[in-house]
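So the chains spell out like this:
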Amino acid sequence: MSTPPLASGPEGPRALRPLLDTVLEALDEGARARGGPLPAGGPDVVAARIREALGEALPDEGDPHALRTLIRAFAEGAADPAHPRCAAHLHCPPLALATAADLAASALNPSLDSWDQAPAASELETLVAGALAAEIHGPGGDPDTAPDSLITTGGTESNQLALLLAREAHGGSVRLVCGANAHHSLPRAAWLLGLPDPVVVPAPAGTLHPAALDEALSHLPGPLLVAATAGTTDAGLIDPLPEIAARCAAHGARLHIDAAYGGGLLFSDRHRARLAGLDAADTVTLDLHKLGWQPVAAGLLAVKDRRDLTALRHRADYLNAADDTEAGLPDLLGRSLRTTRRPDVLKLAVTLKTLGRGGLGALVDQVCARAREFAALVDEHPGFELHAPPAISTVLFRPAGATDDTVAALRRALLTDGRAVLGRAPLDGRLWLKATLLNPVTGPADLAALLHLVAARHATLVEGHTPR
């Protein structure tokens, strides 16, 4: 057997071109076979199809058609975030240009744990990380204390790093104070880092209550880290950030803001003001695989003062020997807790440079407008109840008079049918269907069709039979 061709090197592009044709054809075939936002039939049907396509996972003899076979099956069994009826989660349809850039990153395969593995990628990451940190915190003055950011795998890693940096800034101990609306990764990070159990502050309207926070901070011994949220995963709600920042300043508490979802509003002139107070945070989480339309993963942790990042410094002689660093080779190990690390910055750089703030802001405006339009359709429909006007691009709704069990069954029925992908959110003591609109191509007709489909499926569910 001859050696399979490599993705980079002089022959790389020539080897990739026919393979890319195969991939694109298989993606198209799989999508056509799926025929909707999700494969019909539920988990057992999808699992059987994948088992059949894969066969023996590690055969003695290879199959030259495996690329087409498996990608076709993968696409047929996928949830397609670009489909207008796929609106369950903070799972965006990635931009074609970002996906193309990601191919280049995979082909060249740099690893950002030492400069000699990623010479260009390391400089690109420095520039883009600095620019995004300045977008969040302002440019700063002194280069030694100016804002900076780390590229992460997403909100969970960013939140874990935020707690780690807070712990180290306070000499090895800190107590997390967060709202009942905080993302699950925050208390989990406290557990992972061996910190005390978090103090959970009420969030009666879905957002952290400043007066309740003030009361908690008044009675807790320090050091304290307050975690606020700009874009909850259930309804996209934004905590009152200026008031929370003021309470933190008054009590000497450090502030972290989880803006994994809502941080993308920064790109929009129309919606940016809703993040007032974000720049007061010591650390901020941002995910550009949400309101940034990037392939996973594209997370960020921004720090107001880059000196906080010194806690991550680490030495491994085969990667950042002291004499190499002194000679001018950049030291990359302190940019992450991971060692081997993809150049996820390339797709970010391509997107930011191609679209600019204006182009990204227009996409943000479009999805926020679609959410308002869908909320209006729900509100005007006699068969549905709207939870509240959307805070960002998430709409919570439910059939009027339905029980929680019926709402849950309706969602599962739509999933099994393969015709619509909606999420679920328990809020205010009831279960709601959740439409998270992150597809800027979705139009008014798509929204009307989605609501009609949900209404029709609910009717058949209540009547006790399945439509043909």
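Going by the structure above, here's the rest.
Conventions used here
Residues numbered from 1 in each chain as written. Predicted model: local features only at pLDDT ≥ 70, side-chain atom pairs only at ≥ 80, totals over all residues. Heavy atoms only, no water. Helix = DSSP H or I, 4+ residues; strand = E, 2+ residues; numbered from the N terminus. Rg over C-alpha atoms; globule rule 2.2 N^0.38 Å. Contact = heavy atoms within 4.5 Å. Areas by Shrake-Rupley, 256 points an atom, 1.4 Å probe, with all protein chains shown as cover. Buried < 20%, exposed > 50% of the residue type's maximum accessible area, 1.4 Å probe, protein only. Pairing = 2+ DSSP bridges. Lys, Arg positive; Asp, Glu negative; His and termini not counted. Salt bridge = Lys/Arg side-chain N within 4 Å of Asp/Glu carboxyl O. Polar contact = N/O pair within 3.5 Å; in protein donor to acceptor, adjacent residues only side chain to side chain. Phe/Tyr/Trp six-rings, centres within 6.5 Å; stacked < 30°, edge-to-face > 60°. Expected span 1.5 Å × (residues − 1).

### Section: the overall build of the protein chain
- Regarding its fold elements, the protein chain presents 14 helices and 12 strands.
- Its C-alpha radius of gyration of 24 Å places the protein chain within 12% of the 23 Å reference for a compact globule of 468 residues.
- Considering only C-alpha atoms, the protein chain reaches an extent of 70 × 70 × 40 Å along its principal axes.
- For the protein chain, the proportion of contacts with a sequence separation of at least 24, taken over those separated by at least 6, is 71%.
- When the accessible surface of the protein chain is totalled, it reaches about 21800 Å², and 56% of it is carbon and sulfur.

### Let's talk about helix 3 (residues 66–76)
- Those residues of helix 3 that sit buried are Ile71, Ala73, Ala75 and Glu76.
- Residues of helix 3 that are buried in the fold lie against helix 1 (12–34) and helix 2 (43–54).

### Regarding the sheet that holds strand 12 (residues 430–436)
- Spatially, 5 strands are ordered 1-11-12-10-9 in an open sheet, and the strand pairing comes out mixed. Two strands close off the open sheet at either side, each with one partner strand: strand 1 (86–87) and strand 9 (384–386).
- Pairing analysis gives 4 bridges linking strand 10 (residues 394–399) to strand 12, with the strands arranged antiparallel. Along strand 12, the bridge assignment pairs Leu396 with Lys434.

### Some thoughts on the side chain of Asp234
- With respect to the element layout, Asp234 can be found in the loop between strand 5 (224–229) and helix 9 (241–251).
- Notably, Asp234 is buried but unbridged: the nearest opposite-charge side chain belongs to Lys434, and the N-O separation is 7.2 Å.
- At 2.8 Å, the side chain of Asp234 forms a polar contact with the side chain of Thr232.
- Those residues within four positions of Asp234 in sequence are excluded, and the remaining contacts are Thr394, Leu396, Ala425, Leu427 and Lys434.

### Describing the packing of aromatic side chains
- Per the counting criterion, the structure on display carries 2 aromatic pairs.
- Ring geometry for Phe374 and Phe397: centres 5.4 Å apart, planes at 85°, overall edge-to-face. Of this pair, Phe374 sits in helix 12 (residues 345–380) while Phe397 sits in strand 10, and the two are 23 residues apart along the sequence. Judged on exposure class, the residue Phe374 and its partner Phe397 are both buried.

### A word on helix 13 (residues 404–417)
- The first and last C-alpha atoms of helix 13 sit 20 Å apart over 14 residues, in line with the 20 Å expected at 1.5 Å per residue.
- Inspection of helix 13 places Val407, Ala408, Leu410, Arg411, Ala413, Leu414 and Leu415 among the buried residues, and these make up the whole buried set.
- Turning to helix 13, the residues buried within the fold contact strand 10, strand 11 (421–427), strand 12 and helix 14 (444–463).
- In the stretch just after helix 13, Gly418 is the one whose phi turns positive, near 75°.

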